[in-house]
Each structure stands twice: as C-alpha cells, then as structure tokens.
Amino acid sequence: MMYATIVTSIAFALFILCPRMAGMTNVIVNATRTNIVYVSIIGTMISLPLIVVMVLIFKQYGLIAALGFSILTDVGAALFMREISLKAGVETFIISLFVIAGVRVASIISGHLP
C-alpha cells in the first residue's frame, strides 16, 4: 500500500508540472521583479490545499465542476495580478481561457478513440 502511494505520488508530481505554470510564474516575476525561485517555492506551498480541493471536487462532481473551480482560481490570480500589472492580469486570463479550451478539445478528441 505505501509503495503504491509513493509511486503514484511521484507520478502525480511529474504530471502536475506543466509549461503553463512556468509561463505564469515568469509573467508574475516579470511584472513584480521578484525572485523566481522564491515565488515558485512559496506559491507551491500556498497551492497545496488548493490542489487537494481541486482533486476532491473532480472526484465528487466531475470535470465541469473542477473546471469551474479552476476558472475561479484563475480569475482570482488575474485579479491579484491586475493590482500589480493590468498586462499580467490580462495575460493570466487569456492563458486560462486557452487551458479550459484545451481540456475540452482533448476530452472530445479522446472520446472518439477506441
């Protein structure tokens, strides 16, 4: 049981990394002139409970509800960034729209596979 949990957790850790996170971190750091390593570490710690909420929402209510939660957090990020930089807020929002569209298109395409 513990071995399976560790292996699955490692797979999750590798899966959760994505270029969107790197891109958004770069947008935030460029807008604020902060340290990219500190922002990555502190932001990761803050995101841990949000990740748990996201997977619980997905498990209980499905993809649409999880996307709804994701939209809320992305809009929240855009609002925070707007306080610092309107450009960064708009970039955050646009990237969020592309991610949501990508998830939907991927579901449609994979639904046609055997």
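Residues numbered from 1 in each chain as written. Predicted model: local features only at pLDDT ≥ 70, side-chain atom pairs only at ≥ 80, totals over all residues. Heavy atoms only, no water.

Draft legend 1. Region of interest: the confidence of the model for the chain. In the predicted model, the chain carries a mean pLDDT of 84, and 93% of its residues have values of at least 70. Per-element averaging of pLDDT across the chain places helix α4 (residues 63–84) at the bottom with 77 and helix α3 (residues 36–61) at the top with 94. (pLDDT = per-residue confidence, 0-100. Helix = DSSP H or I, 4+ residues; strand = E, 2+ residues; numbered from the N terminus.)

Draft legend 2. Focus on the side chain of Thr-25. Within the secondary structure, Thr-25 sits in helix α2 (residues 19–32). Beyond its immediate sequence surroundings of up to four residues, Thr-25 is in contact with Ile-36, Val-39 and Ser-40. (Contact = heavy atoms within 4.5 Å.)

Draft legend 3. Summary view of unusual backbone geometry. With phi around 55 degrees, Arg-33 is a residue other than glycine that occupies positive phi space. When you line up the elements, Arg-33 lands in the loop between α2 and α3.

Draft legend 4. Up close: the environment of Ile-16. Residue position: Ile-16 is located in helix α1 (residues 2–16). The spatial distance from the C-alpha of Ile-16 to the C-alpha of Ala-4 is 18 Å, given a sequence separation of 12 residues. Discounting chain neighbours no more than four positions away, the residues touching Ile-16 are Met-21 and Ile-51.

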